[in-house]
Amino acid sequence: MTTAPAPVIVYEDSPPADVALADRVAADRSTRQPVLLFFHSAVVWLLVGSLTGLLAALKFQFPDLLNGTAVLTFGRLRTVHLNAVAYGWTSMALIGTVVWMIPRLVRAPLFAPRLAMAAAWGWNLFMIFGLAALFAGYSDGLEWLEIPRGIDVIVAISGGLMALSVLVTVARRRTQHFYVSVWYILASMIWFPIIFVTANLPIFTGVNEAAVNWWYAHNALGLWITPLSLACAYYFIPKVLGRPIHSYSLSLVGFWALAFFYSLNGHHHLVGGPFPQWVITTSVTASVMMVIPVAATAVNFHYTMIGRFTALRHSPTLRFIVLGAMMYTVVSLQGSVEALRSFNRMVHFTHYTVAHAHFGVYGFAAFIIFGSYYFIVPRLVDWEWPSGRLIRWHFWMAIVGLAIYVIGLSIGGWLQGQAMLDASRPFMDSVNVTKPWLLARTVGGTLMTASHFVFAYHYWLVVNRRGARRVEPAWSDRRSYISMRAPGS
Amino acid sequence: MDRYRVIFAGAVITAVFAFFVLAWIPQRQLSAVVPLDPLQPYSAEQAAGRRVYIALGCLYCHSQQVRDPGFGTDQKRGWGRPSYPEDYRFDEPHLLGTMRTGPDLINIAVRQPSRAWHYAHLYQPRAMVPGSLMPSFPFLFELKERADLADDVVALPPGTAPAGRVVVASPDARRLVDYLLSLNRNYARADARNMGPGH
């Protein structure tokens, strides 16, 4: 005799509160292990990436520093820095976050958590072998694709396993409604394996390889880091505020415009280069069209936040994420302008682009990740962050460091471009004018790195459940703590 | 069609479409170019030097492309004629670059044909170019009491190398300079019909 399987109830809207709660408990239980593994790993890679980046920045003040070995030369430190922060920190942290979100959003436990665990271990293996190869000088020589192709196989498989786990989880959903975060996450999980595998096909040479290189590298931002970060913002802003997103249809405009235009952006990195101009023009146009999804997202977030901005003082999650979302708007509009030929002429090949990249990947993506950690980690370990003070230190050092970095290096890059565009000035002028601003970059980078050590220490405390057991969160702002605790007294 | 399939199909279509527009069609277009110029494949030594160039990360500070005179001052700086797709047909991986922390190198062999200058500059850039931010690469050289007959001895300004020692280029340094001295894409283009910027 066989018992019929219990019918799966799909709710039109929200299920009764007790069912919703039970679903959420089951969802969180299914993701706890892989999310913790992704989060632990990401914090380690953040520290590796910060230290290599800082050392690379210091080489501009002391060019002969640690010059005794090829392992620590600028070209290798810079490459290890990029790969550690892009693939180790940003990617692993974002995967951890979306693995945690998806089962909650579709009311179904994560499909085969072991797949996600395998993906996390595989991803770490890729990072260890990959960074070791880069330190040793084995590089494929393509920006964002430096890690040798043989090692790339590991991350392609890991990404595929992760995609499988997420796609099946969503297929087993028990909601009719697809929240916008689910759109972004699903699409990204499909995009990453596609772009990563095609970019590594060894069928292109010469300028065609440059084309594939930039098609990939910009999509690693546009179709992977950006949509996953936006998925977090779309989840956490309404979640923390306890109010729905302003406009569902506007968020779908944002999604489709991003999917179509961002995927075509890559060749603005080849402006002025030896490549058919119609292709570059296509990318410039698509870069300008990015104003549409960016504006749609910005308007949506703004109208969700409006009247609630004081909440930024109470919630570290909201503080990091809302600021990250604002920086997304600014850095994207900046990117659209940067792609225009008239502007590109000035800033292409300069440090201005480096400032822009950090503004985006750090100001937007990393800030949203930090905010997500502050929300998720207490729910993984059943322990509040022990110290409001450490959160404040993390926040202020990160934001001040980033401001010094981005403003300083943007000015330096602009002056560099000016010097290069004046043929009557010797090339060395374009080097000399950047020197004070490269020092500013090192100062900003030092603050950012210090903030990461504070964050990592605090993370270590919370996962080991140090400090007193709290019944309420540690406030991120002392004044709000006082005003909340003692109203009218 | 339910939303799941819409997202799935939408994601695949946008990525594949972008790949075709940005990579596949241009490759078909450029494969029609018949190069008639004197560019030769890299020799074994030059190719090995190119790998040293990549392993040391030179590409992160030096571009290898000269832009059109209407777009920047590359030509006025004496960096050579504008680059064309066929100039890169032996390049795997490409090294077009995205930064000019240092100058463009696609025609460095024309501007700086001296092997001795390159050795000294790699050993200590600031000995040759005051104020340079380039890393020094002493690990590409050997310090010896006395040079052998076959050695490439590096001539350095006084005070740059340890007293009483001679600085000798390692095989990697020799190959790297072989590669740098192969960087000459300044020959006249043989066929004006070839496709390039503006077409």
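Bear in mind that the values here come from a model prediction, so they are computed numbers and not experimental data.

What follows concerns the overall build of chain A. A count of helices and strands for chain A gives 17 helices and zero strands. Against the 2.2 N^0.38 benchmark of 23 Å for 489 residues, chain A shows a C-alpha radius of gyration of 23 Å, consistent with a compact globule. For chain A, contacts bridging at least 24 residues in sequence account for 85% of all contacts bridging at least 6.

Per the secondary structure count, chain B includes six helices and two strands. Its C-alpha atoms give chain B a radius of gyration of 22 Å, clearly above 16 Å, the size a compact globule of 199 residues would have. Dimensions of chain B, computed from C-alpha atoms along their principal axes, come out at roughly 80 × 45 × 35 Å. Expressed as a percentage of its 199 residues, the buried residues of chain B come to 41%. The long-range share in chain B, meaning contacts at least 24 apart out of those at least 6 apart in sequence, stands at 72%.

With that out of the way, let us pick up the interface of chain B and chain A. Contacts between the two partners involve 63 residues from chain B, matched on the other side by 69 residues from chain A. Counting residues per element, the side of chain B that touches chain A draws most heavily on helix H1 (residues 3–30) of chain B, at 18 residues.

Attention now moves to unusual backbone geometry. Where the residue is not glycine, phi is negative for most of them; where a peptide bond is considered, it is trans in most cases. In this chain, Glu92 of chain B is followed by Pro93 of chain B through a cis amide linkage whose omega measures 0 degrees. Tracing the backbone through its elements, the reader meets Pro93 of chain B in the loop between helix H2 (44–55) and helix H3 (108–111). In this structure, Leu66 of chain A is a non-glycine residue whose phi angle is positive, near 50 degrees. Looking at the element boundaries, Leu66 of chain A is found in the loop between helix H1 (17–58) and helix H2 (74–106). The class for Leu66 of chain A is partly exposed, based on 15 C-beta atoms found within 10 Å.

With respect to the secondary-structure elements, Pro38 of chain B resides in the loop between H1 and H2. With 97 residues separating them in the primary sequence, Pro38 of chain B and Pro135 of chain B have C-alpha atoms 34 Å apart.

The next subject is helix H13 (residues 351–381) of chain A. Residues separated by three or four positions in an α-helix point in the same direction, a consequence of the helix having 3.6 residues per turn. Residues and elements named next belong to chain A. Between its first and last C-alpha, H13 extends 42 Å over 31 residues, near the 45 Å set by a 1.5 Å rise per residue. Its maximal kink placed at Phe375, H13 deviates by approximately 30 degrees, while the proline Pro378 follows within four residues. In terms of residue burial, H13 counts as a mostly covered element, since 25 of its 31 residues are buried. One or two positions beyond H13, positive phi appears at Asp382, with a value near 55 degrees.

Turning to the packing of helix H5 (residues 180–199) of chain A against H1 of chain B, a few remarks are in order. Angle between the axes and distance between the axes are the two parameters that describe a pair of packed helices. Close contact between H5 of chain A and H1 of chain B brings their axes to 9 Å; oriented N to C, the two are set at 35 degrees. In the crossing of H5 of chain A with H1 of chain B, the sense of the turn from one axis to the other is right-handed. Note on element contacts: H1 of chain B touches H5 of chain A through Ile7, Phe8, Ala11, Val12, Ala15 and Phe19 of chain B, opposite Trp183, Leu186, Ala187, Ile190, Trp191, Ile194, Ile195 and Thr198 of chain A. Across the contact of H5 of chain A with H1 of chain B, the residue classes break down as 13 nonpolar, one polar and no charged.

For chain B, the average pLDDT comes to 91, and 93% of its residues sit at 70 or higher. Segment residues 192–199 of chain B is flagged for pLDDT under 50; beyond a separation of four residues in sequence, or across chains, it makes 17 contacts in the model.

The next point concerns the environment of Ala155 of chain B. All names here are of chain B. Take Ala155: it is sitting in the loop between strand E1 (141–144) and strand E2 (166–169). For Ala155, a count of 12 C-beta atoms within 10 Å gives the class exposed. Between the C-alpha atoms of Ala155 and Pro38, which are 117 residues apart in sequence, the distance is 33 Å. In this structure, Ala155 is in contact with Ala116 and Ala120, ignoring residues within four places of it in sequence.

Residue and element names in this part refer to chain A. Ranked by internal contacts, the top residues of the largest apolar core, which has 203 residues, are Phe38, Ile185, Ala233, Ile237 and Ile321. Here this core takes 23 residues from helix H6 (residues 206–241), the largest share from any one element. Not counting chain neighbours up to four residues away, the residues in contact with Ile185 comprise Val98, Ile102, Val166, Leu228 and Ala231.

With that settled, the discussion passes to the pairing of E2 of chain B. Within a regular strand, the side chains alternate between the two sheet faces. Residues and elements named next belong to chain B. In E2, alternate side chains face the same way, and those of Val167 and Ala169 are buried while those of Val166 and Val168 on the opposite face are not. Here E1 runs beside E2; their pairing, made up of four bridges, is antiparallel. Among the inter-strand pairings, Glu142 is bridged to a residue of E2, identified as Val168.

Another point: the environment of Gly53 of chain A. Residues and elements named next belong to chain A. Relative to the assigned elements, Gly53 resides in helix H1. A residue is classified by how many C-beta atoms lie within 10 Å of it, and Gly53, with 22 of them, is buried. With 21 residues separating them along the chain, Gly53 and Phe74 place their C-alpha atoms 9.6 Å apart. Ignoring anything within four residues of it in the chain, the contact list for Gly53 reads His81 and Gly445.

A word on the packing of helix H14 (residues 388–420) of chain A against helix H16 (residues 435–463) of chain A. Residue and element names in this part refer to chain A. Running from N to C, H14 and H16 cross one another at 160 degrees; their axes reach a closest spacing of 7 Å. With respect to H16, the axis of H14 lies roughly antiparallel. The way H14 lies across H16 gives a crossing that is left-handed. Here the contact of H14 with H16 is composed, by residue class, of 19 nonpolar, eight polar and one charged.

So, how was this worked out
Residues numbered from 1 in each chain as written. Chains lettered and ligands numbered in written order. Predicted model: local features only at pLDDT ≥ 70, side-chain atom pairs only at ≥ 80, totals over all residues. Helix = DSSP H or I, 4+ residues; strand = E, 2+ residues; numbered from the N terminus. Rg over C-alpha atoms; globule rule 2.2 N^0.38 Å. Contact = placed C-beta atoms within 7 Å. Buried ≥ 20, exposed ≤ 12 C-beta atoms within 10 Å, placed from the backbone. Expected span 1.5 Å × (residues − 1). Bend = angle between axes of the 7 residues up to and from the residue. Axes fitted to C-alpha atoms, helices over the stretch in contact; angles between N-to-C directions. Left-handed = near helix turned anticlockwise from the far one by under 90°. Nonpolar A, V, L, I, M, F, W, Y, C, P; charged D, E, K, R; others polar. pLDDT = per-residue confidence, 0-100. Core = buried A, V, L, I, M, F, W, Y, C linked by C-beta atoms within 7 Å. Pairing = 2+ DSSP bridges. Parallel < 35°, antiparallel > 145°, perpendicular 65-115°, else oblique.

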